[in-house]
There are 4 protein chains.
Amino acid sequence: MIKAGIIGATGYAGAELVRILLGHKEVEIKWYGSRSYIDQKYAQLYQNMFQLVEDTCLDDNIEELAKQVDVIFTATPQGFLGGVLTEEILKNTRIVDLSADYRIKDVDTYEKWYKIEHKSPQFINEAVYGLCEINREQVKGARLVANPGCYTTCSILTAYPLVKEGLIDPDTLIIDAKSGTSGAGRGAKVNNLFCEVNENMKAYGVATHRHTPEIEEQLGYAAGKEITVSFTPHLVPMNRGILATEYASLVKKEDGTYPTKEEIRAAYNKYYEKETFVRVLEEGVCPETKWVEGSNYVDVNFVIDERTGRVVMMGALDNLVKGAAGQAVQNMNLLFGFPEDEGLKLVPMFP
Amino acid sequence: MIKAGIIGATGYAGAELVRILLGHKEVEIKWYGSRSYIDQKYAQLYQNMFQLVEDTCLDDNIEELAKQVDVIFTATPQGFLGGVLTEEILKNTRIVDLSADYRIKDVDTYEKWYKIEHKSPQFINEAVYGLCEINREQVKGARLVANPGCYTTCSILTAYPLVKEGLIDPDTLIIDAKSGTSGAGRGAKVNNLFCEVNENMKAYGVATHRHTPEIEEQLGYAAGKEITVSFTPHLVPMNRGILATEYASLVKKEDGTYPTKEEIRAAYNKYYEKETFVRVLEEGVCPETKWVEGSNYVDVNFVIDERTGRVVMMGALDNLVKGAAGQAVQNMNLLFGFPEDEGLKLVPMFP
Amino acid sequence: MIKAGIIGATGYAGAELVRILLGHKEVEIKWYGSRSYIDQKYAQLYQNMFQLVEDTCLDDNIEELAKQVDVIFTATPQGFLGGVLTEEILKNTRIVDLSADYRIKDVDTYEKWYKIEHKSPQFINEAVYGLCEINREQVKGARLVANPGCYTTCSILTAYPLVKEGLIDPDTLIIDAKSGTSGAGRGAKVNNLFCEVNENMKAYGVATHRHTPEIEEQLGYAAGKEITVSFTPHLVPMNRGILATEYASLVKKEDGTYPTKEEIRAAYNKYYEKETFVRVLEEGVCPETKWVEGSNYVDVNFVIDERTGRVVMMGALDNLVKGAAGQAVQNMNLLFGFPEDEGLKLVPMFP
Amino acid sequence: MIKAGIIGATGYAGAELVRILLGHKEVEIKWYGSRSYIDQKYAQLYQNMFQLVEDTCLDDNIEELAKQVDVIFTATPQGFLGGVLTEEILKNTRIVDLSADYRIKDVDTYEKWYKIEHKSPQFINEAVYGLCEINREQVKGARLVANPGCYTTCSILTAYPLVKEGLIDPDTLIIDAKSGTSGAGRGAKVNNLFCEVNENMKAYGVATHRHTPEIEEQLGYAAGKEITVSFTPHLVPMNRGILATEYASLVKKEDGTYPTKEEIRAAYNKYYEKETFVRVLEEGVCPETKWVEGSNYVDVNFVIDERTGRVVMMGALDNLVKGAAGQAVQNMNLLFGFPEDEGLKLVPMFP
């Protein structure tokens, strides 16, 4: 039984961590950190936790916390962890950071897209990008895991095998992503009011969304070169779920023909057949966000469009689970040698 | 490890049984019965179950099934179980019936409200009404459990302590209930299309809904006399959840005063303090359906309206869990001596 | 062509006034008042108005405004109009107040329920309660119209004929009302975020909602005596619409029998047959909020529950139209002698 | 005052025609055609029309209807009009066809994508594609107008100026479109049930949707050559609205530079500045479906992504209005010389 602390426990991702960890056999939550609600009962902020969580919220004291727990989850705004992290902390505990502070290896890129000065770039190199299906082995020995973003997890896993195998031209990659509203957080903003989101759909952050460089960096590793992608997020009137529809031109093979659907499928199977949490759907079945809701699954599939020479790749996940808290727990399981699916045997809820 | 069969596995309640039983340590599902989808892969009908359930749907052969499994769940339309049940079947297996066939003790009442002839009334007396919090001991020894309706579970548990303790006049009881749309089932009907339900709200079955006599019978036992209540169901644009708002006149005590909120609360605590699945909320907190979504909880609370001499009682549950499949599993746990919450430690999902 | 000003033009009710008045032949909007958005383009706050409204928002200067326009709509928080109204203003213009400041005749009742000191009670007597179907003639000559609340309009019109005709006992009246979320306004509050409201339902303000005394006062006039009702509002995951389900005991006639459905229907017809905006639905049809969305209609109907001796009355309206801006325009039409339905021939939008 | 008949009046598009025509000064609906609901009162199928429409539904007798009315709207399944149209009918009346039967000039293409034999190809050439903003003059003299599809209207108008002006390479065009559920019609299908659509998002018809050839044909005219595009529709949990997000590579100018945002904007203005129903939004504002709901507007805008050399174009419309019934009325207005916006001065409803 290890001890865990959550800083930022009162945001939606923090609350999802609580939900998942309550069902984890090897973890006990010792610290519900929340700058905004110090001394308030956690279950009063999340009434679903009534009689399940008796703790009150504590201040965000990461140095103190590091001495008390085996692992800290930081579900905090960008810049928080970067501003407080020290070697001392990392000596005392392990950290799974759900913010973007340690996801991007190039500090300039981080500072340009996030418009924040990085206060502790010295830890960037050591941080492991926690996309378990791709970096499993590196995660196992890490002190600091940079938990991937919700859009990025979906976007990368949907295209990864085809980029890695050179079946598509990564510079033609266009990612049209759609997200439920919990991705916008629990902050009180007019834009996120029920009446503004419901019965509505829009793109936002067009050509400027911060998940773009993260996708480009990771898929660039797979491609073996720097790449540039188009990424457009959209807001959808639903609580949870991300759907990524991705378009790329197929690369002609040496014999002048294009990859067949069997070859594309083989590529997906090569990387995901043994993965618990990535499901390559049967031919003709498009991923739907509802089919993964509440679970740690990513459902992926593809359609070849022979007329245009493109492949349309699709991926769906629950932004709060595989896109945030679930993946964080999966990383924690790797860090501590627990079964990778411990606490994550969550059957998707439908309807 | 016991074996279970589900007849009607492809309706929403049947699918929720599958979701819950997949997480139950002591049960293995051996039979996915579905008259409409014989020989079709179950996971093609419920893609959330992809790679989790490999079985195909089987015909609804309850006699054969009874020989193979320890418990049968019938998540079937009214009249099905009544039409096929035999002593032979009950000798071979136990049955938790999610339909209304054995909920109402008076056959005439059943036939009048359901407009169906009851084909095997000889089993009605033996059937135990499976509202665990009230009939726990009787359930334990039963062969045939009549699993309560979704509206009824919510309506009864919300008012039960006050009726039982004589604090309200049961004949003044008015139940205004609101349900998510999964309660209407997965049948293809124009009325249940997204565009007809979304952004809409209506009452239906006013003064004629079939859950009325079930509520009256059960609360009548609590009151110690026959009672008549007003019950109005409403359709709400959400997938899951029932909210019951109930009104009744407080009964004057012998000293001429009305029960205080402390006395009302004491009555709730008397019956629910030790119950895992009924949560009496703190003063001033109104139950919300989202706080119990995906879980087996019923949240209840009340407000005294001194101006009118009435108490407003409120209860919320997930119609597919505590209102159907979750309660069915709770009953099964009682039948087989498993911990009552096995498979049901489901933390509500928010948002 | 008259000139109108709107104070509080950037709330949802204010915006709905703009939508309706843009289609009104006899009115020109001269003033888009908004304390929060002074000098900002109105169409940037409500992009639906892009290229339809070129004006910028102006400060809430009612004295100045009164000199420039023939009618002022105040779609402002409680207490605003009470705090600024003067005889001078009323000499210069007419006012339709969408707040509660002049709805309740008894100042103490107002101050008790609203917890605000009334700063200009001297105008309360002269104010006419603008429920057009009931107070049509008084509205015509008024300087100051108190536009009814959304819940109240629905609640009163649904029960009015039966109270007025003495067919029900008003002290048994229980109003269970359900509202879309636009009723909560455009303020940035966590409780009204999409993720908090969507897939959720709850009661709120139980036994304490401010529309209660307004309903009691108006139905009390109809009853010819003071009455007390139970009123419970609920929040529903939809943008617009109020549904009121109302319960009351039928009053025995002198011959000992209860009113028949023909008698009940006759009472509704007596008051509403000639009304443009109240539709008494055909027998067996329950009002649905979607059927009146975007229009000024109130749909009403009833079911007699012979078993309990009660009648269940139901009413549905669009809270922003008949429940706010539409009724305000209807009042304005009466004030200026325009056809009562001018600007209000809005066909409900479905789906 | 002209007379109009609607064949297929009981689908969502037909019902929207009724809603719009009820507010049109120059048209009277004489025929509510519906094969499924003959002799049933129209207002019982669309209760929003209660007391507004007294007619009953009539059989789909187009020959008889053609003698009685000046214009027929066919809001019917593909193949219907193709199967019944005759020269005699076209001599007697004008037709605005909301189906796809006469949209595509090449019969083979029609038959291949629609998998229907075209029964009266002799009228295809004469039919005018009724995208008013582009084919205004040809529509005016037509006997037969092929009203464009919902996705196509949005997709084409969003990209048209840039294709027409040669600013983008049309063969790089990728259209990712999202639609509300009313586009799926009022048929009772499990896939369109509330619980299947709500809280869910998916792509469908990937690489095979029938609107693809229509988009390619029309944008091909603008490009002056045959083009091939990727088009992917998605189902969104909302009643109304289509959002198209479109990606294309900018074409280098002769001087080796790419078009600037001023040049792109100038292209949009060139075609849309004088258009009533196309609104080019201000820089930085992304179209949202809610801002056009209930109206005939299309909102368009764009963002240049300098990193990728692509432009992201966005368009939003109400699929039942500008995407179906509104555009049909706009076409009718052109046919009969009415003001183009008669009956269409519909202010978008928000929220």
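Everything below is about the structure printed above this text.
Here the residue index of a chain counts from 1 through its sequence in written order. All chains are assigned letters beginning with A, and all ligands numbers beginning with 1, in the order in which they are written. The model is predicted, so local features are restricted to residues of pLDDT at least 70 and side-chain atom pairs to those at 80 or more, both for listing and for counting; the totals for chains, interfaces and linings are taken over all residues. Values reported for side chains reflect all heavy atoms of the structure, with hydrogen atoms and water molecules removed beforehand.

Asker: Looking at this structure, how should I read the pattern of salt bridges?
Answerer: Oppositely charged side chains can form a pair if their charged atoms are brought close together. Note on definitions: salt bridges are taken to be side-chain nitrogens of Lys or Arg within 4 Å of carboxyl oxygens of Asp or Glu. Tallied over the entire structure, the rule returns 100 salt bridges over all chains. One salt bridge connects Lys202(C) with Glu288(B), and the closest N-O pair in it is separated by 3.7 Å. Residue Lys202(C) is located in strand E8 (residues 202-203), and its partner Glu288(B) is located in the loop between strand E11 (278-280) and strand E12 (298-305); the two belong to separate chains. An identical accessibility class is assigned to Lys202(C) and Glu288(B); each is buried. In this structure, Arg35(D) engages Asp60(D) in a salt bridge whose closest nitrogen and oxygen atoms are separated by 3.5 Å. Linking Arg35(D) in the loop between strand E2 (27-33) and helix H2 (42-45) with Asp60(D) in the loop between H2 and helix H3 (62-68), this pair joins segments that are 25 residues apart in sequence. Categorising residues by exposure relies on relative accessible area from a 1.4 Å probe, with only protein chains included: less than 20% of the type maximum marks a residue as buried, more than 50% marks it as exposed, and the intermediate range marks it as partly exposed. We classify Arg35(D) as exposed; its relative accessible area is 54%. In this structure Asp60(D) comes out as buried when scored by relative accessible area, which is 13%. In this structure, a network of salt bridges that share partners links the residues Glu16(A), Arg19(A), Arg240(A) and Asp318(A). Helix and strand definitions follow DSSP, with helices as H or I runs of at least four residues and strands as E runs of at least two, each counted in order from the N terminus.

Asker: Quick question: what am I supposed to make of the sheet that holds strand E1 (residues 2-7) of chain D here?
Answerer: Hydrogen bonds between backbone atoms are what pair the strands of a sheet, whose relative direction is either parallel or antiparallel. Residue and element names in this part refer to chain D. Strands sit in the order E2-E1-E3-E4-E6-E5 across an open sheet of six strands; the sheet is parallel. A single partner strand is all that each edge strand has here, and the edge strands are E2 and strand E5 (128-129). As paired strands, E5 and strand E6 (residues 144-146) are joined by two bridges and run parallel to one another. Considered in E6, the bridge of Val 128 is made with Val 145. Between any two strands, at least two bridges found by DSSP are needed for them to pair.

Asker: Just checking my understanding: could you explain the environment of Asn331(D) for this structure?
Answerer: Relative to the assigned elements, Asn331(D) resides in helix H12 (residues 321-336). Put simply, Asn331(D) and Tyr129(D) are 202 residues apart on the chain and 9.9 Å apart in space, counted from C-alpha to C-alpha.

Asker: It is not clear to me how the environment of Val292(B) should be interpreted in this structure. Could you clarify?
Answerer: Residue and element names in this part refer to chain B. The residue Val 292 is located in the loop between E11 and E12 in this model. In the structure, Val 292 is positioned 56 residues away from Pro 348 in sequence and 5.0 Å away in space, judged by C-alpha atoms. Only heavy atoms enter the contact rule, under which two residues are in contact if any of them lie within 4.5 Å. In this structure Val 292 touches Arg 279, Tyr 297, Asp 299, Ala 316, Leu 317, Asp 318 and Pro 348, once residues within four positions along its chain are discounted.

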